[in-house]
Amino acid sequence: MTFSSPLRRRALLIAAAATLTGAGIAHASTAAYPTKPIRLVVPFATGGTTSILARLLADRMGQSLGQPVVVDNRPGAGGNVGMEVVAKSEPDGYTLLMGPIGLAINPALYAKMPFDPIKDLTPIGRYAGVPNLLVVHPSVPAANVKELVAYAKAHPGKLNYASNGNGTSSHLAAEMLKSAAGVELTHVPYKGGGPAMQDLIGGQVQMLFDQMPAVLPQVESGRVRALGVSSMQRSAAAKEIPAISETLPGFDMTVWFGFLAPAGTPKDIVNKLNGEMRKAIDAPDFQAQLAKMGVTPMPSSPEEFRSFIASETQRWAQVVKTSGAKID
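This write-up is about the structure you can find in this document. Quick caveat: nothing in here was measured; it's all calculated off a predicted structure. The residue count restarts for each chain, going from 1 along the sequence in the order it is written. Local features are withheld for residues below a pLDDT of 70 in this predicted model, meaning they are given only at 70 or higher, and side-chain atom pairs are given and counted only at 80 or more; totals for whole chains, interfaces and linings count all residues. Hydrogens and water are ignored here; the side-chain numbers use all heavy atoms of the structure.

## Comments concerning the pattern of salt bridges
Pairing between side chains of opposite charge can happen when the charged atoms of each approach one another.
In step 1: The rule for a salt bridge is simple: a side-chain nitrogen of Lys or Arg has to be within 4 Å of a carboxyl oxygen of Asp or Glu. Counting across every chain of the model gives 8 salt bridges.
In step 2: The shortest N-O distance in the salt bridge between E84 and K88 comes to 2.6 Å.
In step 3: E276 is the partner of K279 in a salt bridge, and the nearest nitrogen-oxygen pair spans 3.4 Å. Of this pair, K279 and E276 both sit in helix α9 (residues 267-282), 3 residues apart, which is roughly one turn of that helix.
In step 4: Throughout this description, buried means an accessible area under 20% of the type-specific maximum (1.4 Å probe, protein chains only), exposed means over 50%, and partly exposed covers the range between. The buried category is assigned to E276, whose relative accessible area is 13%.
In step 5: Residues joined by salt bridges that share partners form a network here, namely R39, D72 and R74. The helix count covers DSSP runs of H or I at least four residues long, the strand count covers runs of E at least two residues long, and both are numbered beginning at the N terminus.

Here you go:
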């Protein structure tokens, strides 16, 4: 069946009008975003640093966006369970991820990943960084990193260090210390920071790396002794504690966090979320709140965060290889 020239022109005009109308509806829908609550998936259990920081920013962004940002904790497999939930969600801006450093670590650590952190997620922006704090049991005869290294060299393999689990930043920070200082330490993995800290306090293990917000209260109580922070510079929350890099130049293990969305999320939604993130993070009272916990704001553009994740993935691949850590 063929159309005469007038009929063909009319059909083409109707099709074009329908296309423009659809585009207009889509644009209007995006411009009105958000029109319902947003789910922010945290790939770890409640009570940890990731969850605490997610809730702080979610509250601020929810007020500004006019819709609640609801935190949904989905722990498991070093963060892979929650990250996969977001990677396989609809790219409509209503399911977001509080992305941890595991985005860069896990591809080298796990024999098989259930998703591709680079291809299946769209970076929105980096949020903040938190140093690990190196702490020891009071019985360890070391008041600083230099003395700890000397003691470890004189007693190879005798110091047991706890971690929050195989392949966690707690584990890999200690492996970095072993490599940088040339010492032999014995790894004792736990199922989380709470049990690891309890055994450190009890003297079953002698040292531990863990994130500052969780560890600093134990240092202040005198139950454990702090030797150094894992960031390149000292933390404003505890300026009296030296950076490990002051003894071992170049040592840097900052645990970072950022927001991501499923791949294919419209760019204008990504940009809007990035703007709301940065507005919240830049607020002086919010920065003061983070500073009390030893958290450093690190806002970025989506493009900067994408490049950062790529560079971190390369860096941690080498650290994981050196550590010998592997999870099937």
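Text resumes after the structure shown.
## Regarding the nonpolar core
In step 1: Ranked by size, the top nonpolar core spans 101 residues in total, and within it Y127, L133, V135, L148 and L177 carry the most contacts.
In step 2: In terms of residues, this core owes the most to one element, strand β4 (residues 121-136), which gives 9 residues. Here, nonpolar core refers to any group of buried Ala, Val, Leu, Ile, Met, Phe, Trp, Tyr and Cys residues whose side-chain atoms link them within 4.5 Å.

## What to know about the packing of helix α6 (residues 169-181) against helix α11 (residues 302-323)
In step 1: Convention adopted: a line fitted to C-alpha atoms gives each axis, helices being fitted over their contacting stretch, and angles between N-to-C directions are expressed from 0 to 180 degrees. Look at α6 against α11: their axes get within 10 Å of each other, and the N-to-C directions meet at 75°. Taken together, α6 and α11 sit at an angle that is classed as roughly perpendicular. In contact with L172, E175, M176 and S179 of α6, α11 contributes R315, W316, V319, V320, T322 and S323.
In step 2: Residues are grouped as follows: Ala, Val, Leu, Ile, Met, Phe, Trp, Tyr, Cys and Pro are nonpolar; Asp, Glu, Lys and Arg are charged; all remaining types, including Gly, are polar. By residue class, the composition of the contact of α6 with α11 is 5 nonpolar, 3 polar and 2 charged. Roughly parallel here means an angle under 35 degrees, roughly antiparallel means over 145, roughly perpendicular means 65 to 115, and every remaining angle is called oblique. What makes two residues a contact is simply this: any of their non-hydrogen atoms within 4.5 Å.

## Things to note about the pairing of strand β6 (residues 186-189)
In step 1: Only strands that DSSP links by at least two bridges are regarded as paired with each other. Note that strand β5 (residues 160-163) and β6 share 4 bridges and pair parallel. Opposite S163, over in β6, you have P189 as the bridge partner.
In step 2: Since β5 and β6 lie parallel, the crossover through α6 that links them has a hand, and here it is right-handed. Whether a crossover is right-handed comes down to one check: with the strands pointing away from the viewer, does the path from the first strand over the helix to the second run clockwise; if it does, it is right-handed.

## Structural notes on the environment of T322
In step 1: By secondary structure assignment, the location of T322 is in helix α11.
In step 2: For the pair formed by T322 and L172, sequence separation is 150 residues and the distance between their alpha carbons is 9.7 Å.

## Re unusual backbone geometry
In step 1: Residue P34 is bonded to the preceding Y33 through a cis peptide linkage, with omega at 0°.
In step 2: Counting through the fold element by element, P34 comes out in the loop between α1 (5-31) and β1 (38-42).
In step 3: Backbone geometry at A77 places phi at a positive 55°, although glycine is not the residue there.
In step 4: Mapped onto the elements, A77 comes out in the loop between β2 (69-73) and α3 (80-87).

## Topic: the pairing of strand β7 (residues 207-211)
A regular strand places its side chains on the two faces of the sheet in alternate fashion.
In step 1: Of all 5 residues in β7, 5 are buried, a share of seventy percent or more.
In step 2: Strand direction decides the pairing type here: β4 and β7, joined by 5 bridges, are antiparallel. What sits directly across from V135, in β7, is L208.
In step 3: With 2 bridges joining them, β5 and β7 adopt parallel strand pairing.

## Quick look at the layout of surface pockets
In step 1: Points on a 1 Å grid over protein atoms alone make up a cavity when a 1.4 Å probe fits among them but cannot get out, and a pocket when they form an open set with protein on both sides within 12 Å along at least five of seven lines; lining residues each have an atom within 4 Å of a point. Grid points are joined across faces, edges and corners, and a volume is the space filled by probe spheres set on the points. In this structure, the largest pocket spans a volume of roughly 940 Å³.
In step 2: Elements with a contribution of two residues or more to the lining of the largest pocket: α2 (49-65), α4 (102-109), α6, α7 (193-202), β7, α8 (212-220) and β9 (254-262).
In step 3: Taken as a whole, the second largest pocket spans an internal volume of roughly 330 Å³.
In step 4: Counting only elements with at least two residues in the lining of the second largest pocket, the list comes to β4, β9, β10 (296-297) and α11.
In step 5: With 4 residues, the single largest contributor to the lining of the second largest pocket is β4.
In step 6: Looking at the lining of the second largest pocket residue by residue, the classes come out as 11 nonpolar, 7 polar and 5 charged.

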